[in-house]
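Here's the letter readout for the chains.
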Amino acid sequence: MRSYTITEIWDIPIRINTSLLLFLPILAWLIGSGQQIELYAGFIEGFTGVGFDLARLRAGSTPWLIGIAAAVGLFVSVTVHELGHSWVAQRYGLEIESITLWILGGIAALTTFPKEWDREFWIAIAGPVSSLLVTAVCYAGVLLLPGSFQVSRFVVGWLAITNVVLAGFNLLPAFPMDGGRVLRALLARSYPYGTATRIAARIGVGFAFLFAIVGVLNFQIILLLLAFFIYGAATTESKTVLLDELLDGIIVGDIMTGDPATVAASTTVEDFGTRLLRDRRPVHLVTDDDGTPVGIVTLDDLKDAPRGDHSSMTVREIMRDVPRIDATADAFDTLVQLQGMGGIDAIVERDGTLAGVLSEADYAHAMTIQRGFRSGVGG
C-alpha cells in the first residue's frame, strides 16, 4: 500500500502507510469501547496504584476521545521506538532511508545493515529500550497528573502499559523482529554471519507458524498478518545474506557478458525474433545506427510486444532503457540497486566505454558456479 511522508526528524522522512490510516479508526473504537475502558482501568490501577472514575470515562463522547488519543499515542510511541533504532544507527554512521508506520507497527529502513555483531546488537536493542523509556515517562505522568484529569491520566497510563508490552513483544527471538536481530548478533559472536542468520531465520519461521496457529484458534487477524510478515521477512533476509556471501568479493566485471549480442534499433521485431531463434542468446544490446548503445531487448520483451504488424514494428519500440553501471561496482550492491529500480538488466561501462551487459542470467550463472565451488571446497 502507498505511504505518505508527514514530517522529517533528524533528516529521516516519517511516513504513514495507508494500512495504518485504515486501521486507526478501528483501533480507536476497540480501545474506547466501554468494556475495554473498564478492563484497561483495572490494569492501570494494578500497575500504578492510581484509580479512575469509570462513570466519567464512559460519559458521552469521552470513550471516543480516549480511543483516538490512545491510538494516536500508540503510533507516536512506535515512532519513538523506531527513532531509537535510528539514533544508534546514525551514531555508527549508517544512513536511514525512512521510518514507515503501518498496521503492524513501524519499520526503520537502513540503507545497509551492519554485519558487526556488536553494532547490530545495540541498534536492535535500542528500540525496546526506547519503549521502556516511554513507559517510565508515562508512568511518571500518571502519578503526577491531578485526579481531575481523568482522560489524560487514563491515556497516559494505557500508553505506559502498552509500551511495556511493545518492548517485551519485540524482544521475542522471532527474526527479523528486534529480539531476533539481538539473537543473530549474539550468534554471530561464535558463528559466521551467514550461519547466524540462517539459525535466527529458522527460529523466526517457527515463531511465524506459532503466531499463525494462535491467530487462527483465537480469530486474531493481527497475529495472522504478523505471522505472514515474519515468515516472508525472515526467509527473504536469509536468502539475501546467502546471496551476499556467494557474491562476496565479486565485481560486475567478473560476471557480466563481455561480448554481448547486438541488434540495431531499426531492426524489425519480426527479424529480431528470427535472430533470437538462430543465435539463442536471450539478451541483446540495442544500438543506434552509429553503434551507440541505447538499451537492451530480451526474449521477454519480445513476448510482451504489443500486437500489431511485427514486420513494421522496430526493436526501438519494445526495448528497455536500462541503467548504466561501472564494471568495478560490487556485484551484490549492484544487484540490490537494480532490483530497487524494478529489474536486473544493465549496460556495463568501463572508463566511459562499453564493457558488456548484465542480466539475471549472468547472476544465476555466477551463483551456480559459486555454489558448486564452495560445495567442492567443503567436500
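Residues numbered from 1 in each chain as written. Predicted model: local features only at pLDDT ≥ 70, side-chain atom pairs only at ≥ 80, totals over all residues. Heavy atoms only, no water.

Q: How would you summarise the overall build of the protein if you had to cite specific residues and measurements?
A: A tally of regular secondary structure across the protein gives 14 helices and 10 strands. Whereas a compact globule of 379 residues would reach a radius of gyration of roughly 21 Å, the protein reaches 27 Å, over 25% beyond that. With the C-alpha coordinates of the protein rotated into their principal frame, the extents come out at 85 × 55 × 40 Å. When contacts within the protein are restricted to residue pairs at least 6 apart in sequence, long-range pairs at least 24 apart make up 61% of them. Counting 26 positive and 38 negative side-chain charges, the protein places the averaged centre of each group 6 Å from the other. (Helix = DSSP H or I, 4+ residues; strand = E, 2+ residues; numbered from the N terminus. Rg over C-alpha atoms; globule rule 2.2 N^0.38 Å. Contact = heavy atoms within 4.5 Å. Lys, Arg positive; Asp, Glu negative; His and termini not counted. Charge placed at Lys NZ, Arg CZ, Asp CG, Glu CD.)

Q: Now, about the sheet that holds strand 8 (residues 324–326): what can you tell me, with residues and values included?
A: Sheets are built from strands that pair by backbone hydrogen bonding, the pairs being arranged parallel or antiparallel. Read across the open sheet, the 3 strands follow the order 8-9-10; overall the sheet is mixed. Strands with a single pairing partner mark the edges of an open sheet, and in this sheet they are strand 8 and strand 10 (353–358). On average, each strand axis in the sheet is inclined to that of its neighbour by 40°, with strand direction left out of account. With 5 bridges connecting them, strand 9 (residues 346–350) and strand 10 associate as antiparallel partners. (Pairing = 2+ DSSP bridges. Axes fitted to C-alpha atoms, helices over the stretch in contact; angles between N-to-C directions.)

Q: Explain helix 8 (residues 193–217) residue by residue, including any values.
A: In a regular helix each residue adds 1.5 Å, so 25 residues correspond to 36 Å; helix 8 covers 36 Å between its end C-alpha atoms and thus fits that length. Buried within helix 8 we find Y193, G194, A196, T197, A200, A201, G204, V205, F207, A208, F211 and G215. Those residues of helix 8 hidden inside the fold are in contact with helix 5 (117–144), helix 6 (150–170), helix 7 (178–187) and helix 9 (221–246). Of the residues trailing helix 8, F219 is marked for its positive phi of about 55°. (Expected span 1.5 Å × (residues − 1). Buried < 20%, exposed > 50% of the residue type's maximum accessible area, 1.4 Å probe, protein only.)

Q: Give me the pairing of strand 2 (residues 12–17): which residues, what numbers.
A: Most of strand 2 sits inside the fold, with 5 of its 6 residues counted as buried. Two strands pair when backbone bridges link them, and strand 1 (residues 3–9) and strand 2 are joined in this way by 6 bridges, in the antiparallel orientation. Paired with T7 across the bridge in strand 2 is I14. Looking at chain direction, strand 2 and strand 3 (residues 96–102) are connected through 3 bridges and run parallel. Each residue of the ladder has a partner; that of I16, found in strand 3, is L101.

Q: Hey, could you go over the layout of surface pockets for me, with residue numbers and the actual values?
A: One number sums up the size of the second largest pocket: a volume of about 310 Å³. If you go around the second largest pocket, you meet 15 residues; those closest to its centre are T298, D300, R320, D345 and E360. If you list the elements that add at least two residues to the lining of the second largest pocket, you get helix 12 (299–303) and helix 14 (360–378). Here the lining of the second largest pocket gets 3 residues from one element, more than from any other, and that element is helix 12. Class assignment for the residues of the lining of the second largest pocket results in 5 nonpolar, 4 polar and 6 charged. (1 Å grid on protein atoms, 1.4 Å probe; cavity = no way out; pocket = protein on both sides within 12 Å on 5 of 7 lines; lining within 4 Å. Points joined across faces, edges and corners; volume = space filled by probe spheres on them. Nonpolar A, V, L, I, M, F, W, Y, C, P; charged D, E, K, R; others polar.)

Q: How would you summarise the nonpolar core if you had to cite specific residues and measurements?
A: In this structure, L27, F75, I99, F154 and W158 are the most contacted members of the largest nonpolar core, which totals 38 residues. Contributing elements (two or more residues each) for this core: strand 2, helix 1 (18–32), helix 2 (34–48), helix 4 (62–91), strand 3, strand 4 (105–110), helix 5 and helix 6. With 9 residues, helix 4 is the largest single contributor of residues to this core. In contact with I99, not counting residues within four places along its chain, are I12, P13, I14, R15, E82, L83, S86, I107 and A108. Core analysis: the second largest hydrophobic core is formed by 20 residues, I250, F332, L335 and A366 among them. (Core = buried A, V, L, I, M, F, W, Y, C linked by side-chain atoms within 4.5 Å.)

Q: How would you explain the pattern of salt bridges if you had to name every residue and give the values?
A: In the structure shown here, the tally under the stated rule is 5 salt bridges. Here D345 makes a salt bridge to R320, at a shortest N to O gap of 2.7 Å. Within this pair, whereas D345 is found in the loop between helix 13 (331–340) and strand 9, its partner R320 is found in the loop between helix 12 and strand 8, the two being separated by 25 residues in sequence. Residue classification places R320 among the partly exposed positions, given a relative accessible area of 27%. (Salt bridge = Lys/Arg side-chain N within 4 Å of Asp/Glu carboxyl O.)

Q: Got a sec to walk through the side chain of H85? Specific residues and values, please.
A: Its location among the elements puts H85 in helix 4. Excluding residues that lie within four positions of it along the chain, H85 makes contacts with I123, A124, A126, G127, P128 and D178.

Q: Would you mind going over the sheet that holds strand 1 in detail, with residue names and values included?
A: Read across the sheet, 4 strands follow the order 1-2-3-4 without closing on themselves; strand pairing throughout is mixed. The open sheet has two free edges, formed respectively by strand 1 and strand 4, since each of these has just one partner strand. Between one strand axis and the next, the sheet turns by 25° as a mean value, whatever way the strands run. Helix 1 rests against strand 1, strand 2 and strand 3 of the sheet, and its axis sits at about 55° to strand 2. In this fold helix 4 packs onto strand 1, strand 2, strand 3 and strand 4, with an angle of close to 160° to the strand it touches most, strand 3.

Q: Tell me about a nonpolar patch on the surface, and name the residues and values.
A: There is a patch of nonpolar side chains on the surface, built from I26, W29, L30, W64, I68, V72, V76 and V80 and spanning about 750 Å² of accessible area. Secondary structure elements with two or more residues in the nonpolar patch: helix 1 and helix 4. Among the elements that take part in the nonpolar patch, helix 4 stands out by supplying 5 residues, more than any other. Mapped onto the fold, L30 is located in helix 1. (Patch = residues over 30% accessible without salt bridge, like charges linked within 9 Å, V, L, I, M, F, W, Y side chains within 5 Å. Areas by Shrake-Rupley, 256 points an atom, 1.4 Å probe, with all protein chains shown as cover.)

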